[in-house]
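Here is what each chain is made of, one letter per residue.
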Amino acid sequence: MRRRRAAVVAGFCASFLLGSVLNVLFAPGSEPPRPGQSPGPSPAPGPGRRGGRGELARQIRARYEEVQRYSRGGPGPGAGRPERRRLMDLAPGGPGLQRPRPPRARPLPDGAPSWPPAPVPGSPGSGPRLGCAALRNVSGAQYVGSGYTKAVYRVRLPGGAAVALKAVDFSGHDLGSCVREFGARRGCYRLAAHKLLKEMVLLERLRHPNVLQLYGYCYQDSEDIPDTLTTITELGAPVEMIQLLQTSWEDRFRICLSLGRLLHHLAHSPLGSVTLLDFRPRQFVLVDGELKVTDLDDARVEETPCASSADCILEFPARNFSLPCSAQGWCEGMNEKRNLYNAYRFFFTYLLPHSAPPSLRPLLDSIVNATGELSWGVDETLARLERVLHLFRSGQYLQNISAGSRAEYQRLPDSTIPQEDYRCWPSYHHGSCLLSVFNLAEAVDVCESHAQCQAFVVTNQTTWTGRQLVFFKTGWSHVVPDPNKTTYVRALG
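Rules of the game
Residues numbered from 1 in each chain as written. Predicted model: local features only at pLDDT ≥ 70, side-chain atom pairs only at ≥ 80, totals over all residues. Heavy atoms only, no water. UniProt positions renumbered as here; feature names shortened; annotations may be inferred. Pairing = 2+ DSSP bridges. Helix = DSSP H or I, 4+ residues; strand = E, 2+ residues; numbered from the N terminus. Buried < 20%, exposed > 50% of the residue type's maximum accessible area, 1.4 Å probe, protein only. Salt bridge = Lys/Arg side-chain N within 4 Å of Asp/Glu carboxyl O. Phe/Tyr/Trp six-rings, centres within 6.5 Å; stacked < 30°, edge-to-face > 60°. Disulfide = S-S within 2.5 Å. Axes fitted to C-alpha atoms, helices over the stretch in contact; angles between N-to-C directions. Contact = heavy atoms within 4.5 Å. Polar contact = N/O pair within 3.5 Å; in protein donor to acceptor, adjacent residues only side chain to side chain. Parallel < 35°, antiparallel > 145°, perpendicular 65-115°, else oblique. Left-handed = near helix turned anticlockwise from the far one by under 90°. Nonpolar A, V, L, I, M, F, W, Y, C, P; charged D, E, K, R; others polar.

Under the annotation held in an unreviewed UniProt entry, the protein carries the name Extracellular tyrosine-protein kinase PKDCC and is attributed to Odobenus rosmarus divergens. UniProt annotates the protein under Catalytic activity (unreviewed entry) with the comment "L-tyrosyl-[protein] + ATP = O-phospho-L-tyrosyl-[protein] + ADP + H(+)".

Shown next as C-alpha cells:
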C-alpha cells in the first residue's frame with residue numbers, strides 16, 4: 001500500500017510539473033509579426049508606483065533601441081531576410097493550418113514600443129528555424145535552472161532531439177522587482193522579455209562554434225500575458241568546475257582553447273568588440289566537450305567613454321588595471337581586456353597548467369601569467385594556445401623526453417586484459433588507468449613511469465586530438481580475445 005501511494009504521489013507531481021511547463025511555454029501563440037510593423041506608443045496598463053509609468057516606458061524603450069542597434073549593426077555572419085512566417089492555429093484534428101492572426105498591438109506604458117517587436121534586417125530568421133509548431137508534442141520536460149531573468153527547460157522534440165527552452169521566469173527576481181516598483185505586470189514582462197530578445201539577436205549575430213546555437217523561437221499566450229517569447233536553443237551541460245578539475249588535462253585544455261577562440265571572435269565580431277559583463281562559469285555550457293557561451297543578455301558592445309585615463313579603471317575584486325583613453329574618447333581595449341582577465345581568473349588559472357605534459361608547462365605558465373597581468377591581448381593569447389595544440393597534437397612535445405632504458409614488451413594482437421586495473425590521475429575512467437598517448441613509444445614511457453604497470457592495452461578509440469586511448473594494467477594473468485584491442489605485456493627476464 002505504501003509503495004502504491006508513493007507511486008501515485010510521484011505520478012501526480014510529474015504530471016503537474018509537465019502540465020505547468022507546457023502551459024507556460026507551449027500554449028498557442030504567434031511567431032514574430034511581418035516586417036514593417038513599426039513601434040509606437042500605446043495606452044498604459046495602469047498607474048505605476050515609485051518610478052511612474054513614464055519611467056517604465058523609458059526603460060522599455062531603451063532596451064528596445066538596444067536590440068535594434070544590435071540587429072542592424074553591420075552585415076554579420078548569415079544575416080539575411082527576416083522570417084515572415086506567422087504562428088498558425090496548432091489545434092490538432094484539422095488537415096491544414098488555419099490562417100494566421102494579424103499582428104496585435106498590446107497595451108503598454110505611454111511611450112513604449114508595441115509588442116511583439118517587428119523583425120529587422122539581421123534579426124533571427126535567416127533560414128529554416130524551429131517555431132511554435134515544433135513544440136506541439138514535446139516530451140520529457142525538465143526544469144534545468146533559472147537566473148535573474150530567465151528560466152531554462154530541457155525538452156525532447158518529436159524527432160527525438162533534446163533542446164533547451166528559455167523564457168522569462170514569472171517567479172524571477174527581475175520580473176518581481178519590476179512589478180513591485182511599477183505595479184504593471186504586462187509592462188514589466190515586456191521589459192524583461194527584451195533581455196531575452198537581445199540574447200536571441202546576439203546568438204544569431206555572433207554565430208560561432210563556441211556560441212550556443214539558436215534553433216528558433218515562438219511567441220505564445222501564457223497565463224495572463226499574451227505573446228510571451230520562448231527561444232529554442234542547443235542543449236548543453238552546465239560547467240562544473242569541481243568535476244573539470246578531475247578530468248584529463250587534454251579535456252581541460254580543450255575548454256581553455258575553446259574560450260580563447262570565443263574571446264578572439266568577440267573581440268573581432270561584426271558588431272565590434274563584445275564584452276561579457278556577467279562572466280562566470282554558469283554563463284557557459286559544454287557541448288560535446290566544447291565550451292560555448294549561452295547567456296548573452298548582459299553582453300555589451302559599446303566601449304566605455306572617457307575624458308582621461310582616470311576614467312579607464314578596469315576593476316576586479318583582487319586588483320585593478322588602468323587603461324589608456326583614446327583620442328576618440330573611448331577606453332582602449334576595455335571590452336577585450338575585461339573578457340581576458342575573467343578568462344584568467346575563472347578558467348585558465350585552474351585548468352591550464354595542472355597535470356600538463358612537463359615540456360608544455362613553461363608555455364602554459366607564460367599564458368597564465370600574461371593573461372593574469374593583461375600583458376597580452378586576445379590575439380597573442382589565442383596564438384599561444386594554438387601553438388600548444390600544435391605541439392601536443394603533432395607529438396613534438398615528446399622530443400624533450402629522454403628515452404632512457406626501457407623494458408621489452410611483447411605484442412599480443414586482437415586481445416585485451418579485462419581486469420587487473422589500477423587507478424591513476426587524471427584518468428578518463430575513474431575505476432582504472434585510462435590515458436591518451438601519441439604513439440606506442442609514449443605508452444611505453446607511461447607504463448615505465450608507473451611502478452605498478454606491467455602491461456597496457458591499446459584501444460581503437462581516439463580523443464578529440466586524434467590520440468589513442470590506452471588502459472594500463474598491473475599484470476596479464478587473464479588475457480581474452482578482442483578484435484578491437486592490442487595488448488602489450490612486459491617481457492620476462
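Picking up after the structure, the text goes on.
Colleague: Which residues make up the sheet that holds strand β9 (residues 284–287), and what values do they have?
Modeller: Spatial ordering of the open sheet is given by β7-β9-β10, a layout of 3 strands whose pairing is antiparallel. In the strand order of this sheet, the two ends are held by β7 (237–238) and β10 (290–293), each with one partner. Bridging between β7 and β9 involves 2 bridges; their strand directions are antiparallel. In the strand pairing of β9, P238 is matched with V285.

Colleague: An account of the pairing of strand β17 (residues 468–473) is requested, with residue identities and associated values reported.
Modeller: The two faces of a sheet get side chains in turn, since along a regular strand they alternate between them. Of all 6 residues in β17, 5 are buried, a share of seventy percent or more. When strand β15 (residues 433–437) meets β17, the two strands line up antiparallel, connected through 5 bridges. Bridge pairing in β17 links V437 to Q468. Where strand β16 (residues 455–462) lies against β17, 5 bridges are found, and the strand directions are antiparallel. Bridge pairing in β17 places V458 opposite V470.

Colleague: Outline the pattern of salt bridges, supporting the account with residue identities and numerical values.
Modeller: Summed over all chains, the structure comprises 22 salt bridges. Between E302 and R69 there is a salt bridge whose closest N-O contact spans 3.4 Å. Of this pair, E302 sits in the loop between β11 (299–300) and β12 (313–315) while R69 sits in helix α2 (residues 52–72), placing them 233 residues apart in sequence. We classify E302 as partly exposed; its relative accessible area is 30%. In this structure, E234 engages K292 in a salt bridge whose closest nitrogen and oxygen atoms are separated by 3.1 Å. Placement of E234 in the loop between β6 (225–233) and β7 and of K292 in strand β10 is noted, with a sequence separation of 58 residues between them. Just as E234 is buried, K292 falls in that class too.

Colleague: Can you lay out the pairing of β16 for me, pointing to particular residues and giving the numbers?
Modeller: Counted between consecutive antiparallel strands, the loop separating β16 from β17 contains 5 residues, among which G466 sits at a positive phi close to 90°. As paired elements, β16 and strand β18 (residues 480–490) share 5 bridges and run antiparallel to each other. Each residue of the ladder has a partner; that of F456, found in β18, is Y488.

Colleague: Can you explain the packing of aromatic side chains? Please cite residues and give values.
Modeller: Inspection of the entire model under this criterion finds 16 aromatic pairs. Here the aromatic cluster, defined as three or more aromatic residues joined through ring pairs, consists of W249, F253, F392 and Y397.

Colleague: Mind laying out the state of the cysteines, listing which residues take part and the relevant values?
Modeller: One pass over the full model with this rule turns up 6 disulfides. A sulfur-sulfur separation of 1.6 Å characterises the disulfide bridge that pairs C132 with C218. Judged by the sign of its S-S torsion, about 100°, the bond between C132 and C218 is right-handed. Taken together, the residues C132 in the loop between α2 and β2 (139–146) and C218 in strand β5 (residues 214–222) connect sequence positions 86 residues apart. Both residues of the pair, C132 and C218, count as buried. Between the sulfur of C424 and that of C433 lies a disulfide, 2.0 Å long from S to S. Here C424 and C433 share a disulfide; its torsion about the S-S bond, 90°, makes the bridge right-handed. For the residue pair C424 and C433, the accessibility class agrees, reading buried in each case. Sequence-ordered numbering of the bonded cysteines in the protein yields a pairing of 1-4, 2-3, 5-7, 6-8, 9-10, 11-12.

Colleague: Please give an account of the environment of Q68 that cites residues and values.
Modeller: Mapped onto the elements, Q68 comes out in helix α2. Looking at Q68, the relative accessible area reads 9%, which means it is buried. Put simply, Q68 and K198 are 130 residues apart on the chain and 8.8 Å apart in space, counted from C-alpha to C-alpha.

Colleague: So what's going on with the sheet that holds β15? Which residues, and what values?
Modeller: Reading across from one edge, β14-β18-β16-β17-β15 is the order of the 5 strands in this open sheet, with antiparallel pairing throughout. In this open sheet, the two strands that pair with only one neighbour each are β14 (409–416) and β15. Within this sheet the neighbouring strands show an average axis-to-axis angle of 30°, counted without direction. Contacts from helix α10 (residues 440–449) reach β14, β15, β16, β17 and β18, with the element oriented near 135° to β16.

Colleague: Residue-level account of the side chain of H450, with values.
Modeller: Inspection of the secondary structure puts H450 in the loop between α10 and β16. Within polar-contact distance, the side chain of H450 engages the side chain of Y422 at 2.8 Å. The residues touching H450, leaving out its near neighbours within four places in the chain, are Y422, C424, C433 and L435.

Colleague: So, the packing of helix α8 (residues 361–373) against helix α9 (residues 378–394): which residues are in play, and what are the values?
Modeller: For the pair α8 and α9, interaxial distance at closest approach is 10 Å and the crossing angle is 165°. When the interaxial angle is binned, α8 and α9 end up roughly antiparallel. Crossing hand, α8 versus α9: left-handed. Residues L363, L364, S366, I367 and T371 of α8 pack against T381, R384, L385, R387, V388 and L391 of α9. Taken together, the residues that form the contact of α8 with α9 break down as 6 nonpolar, 3 polar and 2 charged.

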